[in-house]
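Below are the chains, spelled out letter by letter.
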Amino acid sequence: MNLSDILSSAQGGNGVEMLARQFNLSPQQAQEAVNALLPAFSQGLKQNAADPYNLGSFLSALSSGQHAGYFEDAASAFTPQGMAEGNGILGHLFGSKDVSRAVAEQASQATGIGSQILKQMLPAIATMLMGGMAQQTNNQMAAGGFGSSNNPLGDLIDQMMRQGGAQPRSTP
């Protein structure tokens, strides 16, 4: 699954609809917002996978907690706890609030949706994506693991990038 597929399949296939309802957007606007925001998430994941320290930290965060719950019950991503966890994920992915703000501003210019709404969407999207990746990682590990590397997040990112038409990351 690529990131868009993960988000779309949240809440039994209603992830984007949940975002639309939560932020008073039409389903089309919510999909446009997601399409404008996901490249930044993809870039953040790639950067995390390229750095061994960040990768270890991200894998630890992915395997700890109840992230899959935000994927299965997308409404929980909008709770104060879900939003707080989402902001933590954004910190890992983007490094600073300034980058998150810039991502929202750029997506706003591309979609015409207010940057304030997009800033509020970012943590909810982050928790749903993290939950979907946690669930996918758990499923693949239970089914016998990933590829030949010992880097399950890296393998997952490679799979998502190939499906999205991007070039896989190079391994050192």
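Residues numbered from 1 in each chain as written. Predicted model: local features only at pLDDT ≥ 70, side-chain atom pairs only at ≥ 80, totals over all residues. Heavy atoms only, no water.

> Would you mind going over the overall build of the chain with me for this structure?
Across its full length, the chain carries nine helices and zero strands. Listed N to C, the secondary structure of the chain is α-α-α-α-α-α-α-α-α in terms of helices and strands. A total of 172 residues make up the chain; the buried ones form 46% of that total. Put simply, 66% of the contacts in the chain that link residues at least 6 apart link residues at least 24 apart. Carbon together with sulfur atoms contributes 49% to the accessible area of the chain, which is approximately 8,300 Å² in total. (Helix = DSSP H or I, 4+ residues; strand = E, 2+ residues; numbered from the N terminus. Buried < 20%, exposed > 50% of the residue type's maximum accessible area, 1.4 Å probe, protein only. Contact = heavy atoms within 4.5 Å. Areas by Shrake-Rupley, 256 points an atom, 1.4 Å probe, with all protein chains shown as cover.)

> Help me out: how do you make sense of empty space enclosed by the protein in this one?
Gaps between atoms show up when a probe of the same size as a water molecule is rolled over them. As enumerated under the stated definition, the model contains one cavity of 30 Å³ or more in all. A volume near 40 Å³ is recorded for the largest cavity. Forming the boundary of the largest cavity are Phe 41, Leu 45, Phe 58, Ile 89, Leu 93, Ala 126, Leu 129, Met 130 and Met 133. Broken down by secondary-structure element, the contributors of at least two residues to the lining of the largest cavity are α3 (27-50), α6 (80-94) and α8 (115-142). Take the lining of the largest cavity: its biggest share by element is four residues, from α8. (1 Å grid on protein atoms, 1.4 Å probe; cavity = no way out; pocket = protein on both sides within 12 Å on 5 of 7 lines; lining within 4 Å. Points joined across faces, edges and corners; volume = space filled by probe spheres on them.)

> So what exactly am I meant to see when it comes to the packing of aromatic side chains here?
For any two aromatic rings, the description comes down to two numbers: the centre-to-centre distance and the angle of the planes. Following the criterion strictly, the structure yields two aromatic pairs and no others. A centroid spacing of 5.7 Å and a plane angle of 55° characterise the contact between Phe 41 and Phe 94, whose relative ring orientation is tilted. Of this pair, Phe 41 sits in helix α3 while Phe 94 is found in helix α6, placing the two residues 53 residues apart along the sequence. Overall, the relative accessible area of 12% leaves Phe 94 in the buried class. (Phe/Tyr/Trp six-rings, centres within 6.5 Å; stacked < 30°, edge-to-face > 60°.)

> Looking at this model, I keep getting lost on the side chain of Thr 111. Mind explaining?
Mapped onto the elements, Thr 111 comes out in helix α7 (residues 97-111). Reaching out from Thr 111, the side chain makes a polar contact with the backbone nitrogen of Ile 113 at a distance of 3.1 Å. When residues no more than four places from it in sequence are discounted, the contact partners of Thr 111 are Glu 32, Ala 33, Ala 36 and Leu 118. (Polar contact = N/O pair within 3.5 Å; in protein donor to acceptor, adjacent residues only side chain to side chain.)

Note that every value here comes from positions in space, so none of it alone points to a role or purpose.
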